Protein chains: 2
Amino acid sequence: MSKICVGVDIGGTTVKIGIFTTEGEIVRKWEIPTRKEEKGSHILEDVAESVLSITEEEQYKKEDMIGIGIGVPGPVVNEKKVLQCVNLGWENVEVANIMKDLTGIDNIKVGNDANVAALGEMWKGGGEGYHSIVMVTLGTGVGGGIIIDGKILTGSNGAAGEIGHITVNPIEEDACNCGKHGCLEQYASATGIVKETKRALHKTDKNTVLTQAEHISAKTIFDAAKQEDEFAVEMVEHLGYYLGFALGSIAQVVDPEAFVIGGGVSKAGDILVNAIAKYYDKYVMKALKGKEFRLATLGNDAGIYGSAKLILD
Amino acid sequence: MSKICVGVDIGGTTVKIGIFTTEGEIVRKWEIPTRKEEKGSHILEDVAESVLSITEEEQYKKEDMIGIGIGVPGPVVNEKKVLQCVNLGWENVEVANIMKDLTGIDNIKVGNDANVAALGEMWKGGGEGYHSIVMVTLGTGVGGGIIIDGKILTGSNGAAGEIGHITVNPIEEDACNCGKHGCLEQYASATGIVKETKRALHKTDKNTVLTQAEHISAKTIFDAAKQEDEFAVEMVEHLGYYLGFALGSIAQVVDPEAFVIGGGVSKAGDILVNAIAKYYDKYVMKALKGKEFRLATLGNDAGIYGSAKLILD
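The structure presented is a predicted model; accordingly, all values stated were derived computationally and were not measured. (Residues numbered from 1 in each chain as written. Chains lettered and ligands numbered in written order. Predicted model: local features only at pLDDT ≥ 70, side-chain atom pairs only at ≥ 80, totals over all residues. Heavy atoms only, no water.)

Caption draft 1: Main features of the sheet that holds strand 4 (residues 65-72) of chain A. Residue and element names in this part refer to chain A. Here we have 5 strands laid out as an open sheet, ordered 3-2-1-4-8, and mixed in their pairing. The sheet terminates laterally at strand 3 (26-33) and strand 8 (108-112), the two strands that pair on one side only. Within the sheet, the average angular offset between the axes of one strand and its neighbour, ignoring direction, is 15 degrees. Across 5 bridges, the pairing between strand 1 (residues 4-10) and strand 4 is parallel. The residue bridging Val8 from the neighbouring strand is Ile70, located in strand 4. Along the sheet face, helix 4 (residues 113-124) touches strand 1, strand 2 (14-21), strand 4 and strand 8 and points at about 100 degrees away from the line of strand 8. Sheet strands touched by helix 11 (residues 302-312): strand 1, strand 2, strand 3, strand 4 and strand 8. Its angle to strand 1, the strand with the most contacts, is close to 135 degrees. (Pairing = 2+ DSSP bridges. Helix = DSSP H or I, 4+ residues; strand = E, 2+ residues; numbered from the N terminus. Axes fitted to C-alpha atoms, helices over the stretch in contact; angles between N-to-C directions. Contact = heavy atoms within 4.5 Å.)

Caption draft 2: Here's a closer look at the relation of the copies chain A and chain B. If you rotate chain A by 180 degrees and push it 0.0 Å along the axis, it lands on chain B with an RMSD of 0.0 Å. Seen this way, the second copy is the image of the first under a two-fold rotation axis. Most of the interface of chain A is mirrored in chain B, where 100% of its interface residues are also at the interface. (Least-squares fit on C-alpha atoms with pLDDT ≥ 70 in both.)

Caption draft 3: Structural detail: the pattern of salt bridges. All names here are of chain A. Taken as a whole and judged by the stated rule, the model has 32 salt bridges over all chains. Between Glu172 and Arg199 there is a salt bridge whose closest N-O contact spans 2.8 Å. A residue pair is termed long-range when its members are at least 10 positions apart, and Glu172 in the loop between strand 11 (151-152) and helix 5 (185-188) and Arg199 in helix 6 (residues 190-201) qualify at 27 residues. Taking the relative accessible area as the measure of exposure, Arg199 reaches 31% and is therefore partly exposed. Residues Lys278 and Glu237 are paired through a salt bridge, measuring 2.6 Å at the closest nitrogen-oxygen approach. With Lys278 in helix 10 (residues 270-282) and Glu237 in helix 9 (residues 230-254), this pair connects stretches of sequence that are 41 residues apart. Classification of Lys278 by relative accessible area gives partly exposed; the value is 46%. In the salt-bridge network here, residues are joined through shared partners; they are Glu172, Asp174, Lys195, Glu196 and Arg199. (Salt bridge = Lys/Arg side-chain N within 4 Å of Asp/Glu carboxyl O. Buried < 20%, exposed > 50% of the residue type's maximum accessible area, 1.4 Å probe, protein only.)

Caption draft 4: Spatial organisation of the packing of aromatic side chains. All names here are of chain A. Under the criterion given, the structure shown has 24 aromatic pairs over all chains. Look at Phe20 and Trp123: their rings are 6.2 Å apart centre to centre, the planes differ by 45 degrees, and that puts the pair in the tilted class. With a gap of 103 residues between them, Phe20 in strand 2 and Trp123 in helix 4 connect regions that are remote in the sequence. Accessibility assignment for this pair places Phe20 and Trp123 in one class, buried. On the basis of an interplanar angle of 90 degrees and a centroid distance of 6.0 Å, the ring pair of Tyr241 and Tyr279 is categorised as edge-to-face. Taken as a pair, Tyr241 in helix 9 and Tyr279 in helix 10 lie far apart in primary sequence, 38 residues in all. As far as burial versus exposure is concerned, Tyr241 and Tyr279 are alike and both buried. Three or more aromatic residues link up through ring pairs in this structure, and these residues are Tyr187, Tyr241, Tyr242, Phe245, Tyr279 and Tyr283. (Phe/Tyr/Trp six-rings, centres within 6.5 Å; stacked < 30°, edge-to-face > 60°.)

Caption draft 5: A look at helix 11 of chain A. In terms of residue burial, helix 11 of chain A counts as a mostly covered element, since 10 of its 11 residues are buried. Along helix 11 of chain A, the positions that sit buried rather than exposed are A:Ala302, A:Gly303, A:Ile304, A:Tyr305, A:Gly306, A:Ser307, A:Ala308, A:Lys309, A:Leu310 and A:Ile311.

Caption draft 6: Seen up close, the interface of chain A and chain B. Tallying the contact residues gives 35 residues for chain A and 35 residues for chain B. Carbon and sulfur atoms supply 63% of the area that chain A and chain B bury against each other, a total of about 2700 Å² over both sides. It is A:Gln252, A:Val253 and A:Asp255 in chain A that bury the most area against chain B; as a group they hold 22% of the surface buried on that side. Linking chain A with chain B are 0 salt bridges. The interface formed by chain A and chain B holds 20 residue pairs in polar contact (both at pLDDT 80 or more) in total. Going through the elements one at a time, strand 10 (142-148) and helix 9 of chain A are the ones with two or more residues in the side of chain A that touches chain B. Within the side of chain A that touches chain B, the residues separate by chemical class into 19 nonpolar, 10 polar and 6 charged. (Buried area = accessible area lost by both parts, 1.4 Å probe. Polar contact = N/O pair within 3.5 Å; in protein donor to acceptor, adjacent residues only side chain to side chain. Nonpolar A, V, L, I, M, F, W, Y, C, P; charged D, E, K, R; others polar.)

Take a look at the structure:
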């Protein structure tokens, strides 16, 4: 039987787990609930138990498993320890050591969930074929992960790639969840897009289908723009401007081969990518123009792929 | 006799060269003119000849030399080849291979001059003790170099760390030398600071010593600000805002341990660093606040130190 590794992605509601061969093929994937009671102190026990019982069920021996990679929703140092996971109730958790004790597996590596998802997309997703990418996840918030020469850029406090909190509008009066003003997340998250659209609706005298919409979501806005609703098209441009501006600054810093756009908002597809690319080119020097913009393809599985890749590197 | 390596820094006017022991002590440093005629085709010959004759004069044998590091003013790929050096007349020059042929030394490594200077400052200058720094050089232009875990961040086209062309003011009407509008370099280079000050002088009704100044330079502005000239203080704040804004975005991307500020403008000292740090903290999330800001200490020698370090790594 071939050797395997396990990729784990710990989220606020569920933990996703996958078994991969060392050639990178997924063998089985499943989920368990995230038990957040008692400051999340049982989460790693649950993960260890589930990993050991399912690998046994699949008839792998312990010596077949070369390691376990774990993505966690917080800043990670030395691929071992997470400083804080607000969603899980964790503070300074020695994830690698604890999992080693619980499973008897020596090779445990830990990464931040957004970074690990970026690694997964580079390996088997929208960034396949590249070695240096910037991944942008447009969901409830705006997350990011930066991969340089195949490795996660972690940063000295685990805060590299926190691109949702790049300031893109220094004169914004509303505050971001982080306390700053004018963060990318305020304009480019699913909630931000809707908020900006509602703000603009109050001021516009354009006829738009969005005035009649019962409920405005990022999807209704993109759908209207695809139908050439003039106001909705303006809102997509507005979003493209902020994302293009931020990704332009990022390119001036790290010069990646490509950008990969993921998260729920990225379901809008080409209309989104084209809006970003248009403004991006305005904000970068000549050598950086014309970068590739790809859509993410792994969806919620990016994390388990990337966690497994931590072990296979 | 101990082993040595050589650091070379090729500039538009002079080539700086240094001999270093493998322990990192500088043995001797000197300069030769940069011969730019015939598309700079004699520059590397001159460097090779000078390196060989001076090392011989110092009584080192060829087998004592473990390698030559070379900094060049253009984008470098694979530590070997430079794509373009406008100042030297170079296009696609295989610097490493040519120097290998000219000197018989196998271990030749090439880096971009700004990146190599950053490496030098991390090794023996203002960034000593750190492993991940962002260096900002405020001179005629604004250059940058990013070091992550002791290694230069090059980027996929050798354009990483080109932070002088991060857009910091998207509504700027004047164009930067690069063709874009509102680049950091337009506000934070020595020429940019003077230009902004002259622009503001036309509009202010404040009394300022700068109205009487025969010639306004970055130095006269900082000197006036140190004397608490209200208008000059405002101009320093204006500069601090743009630099703080840009360095904030950079920190959100790479999360360095520290920033090192160099170039002629950095002679202003603490007044400059304090202005940058004040605005920087406004534009970063909590985990990134309070980073160290250091002044560069190696001056024009940063390049030879960093080039030598390319070999010693």
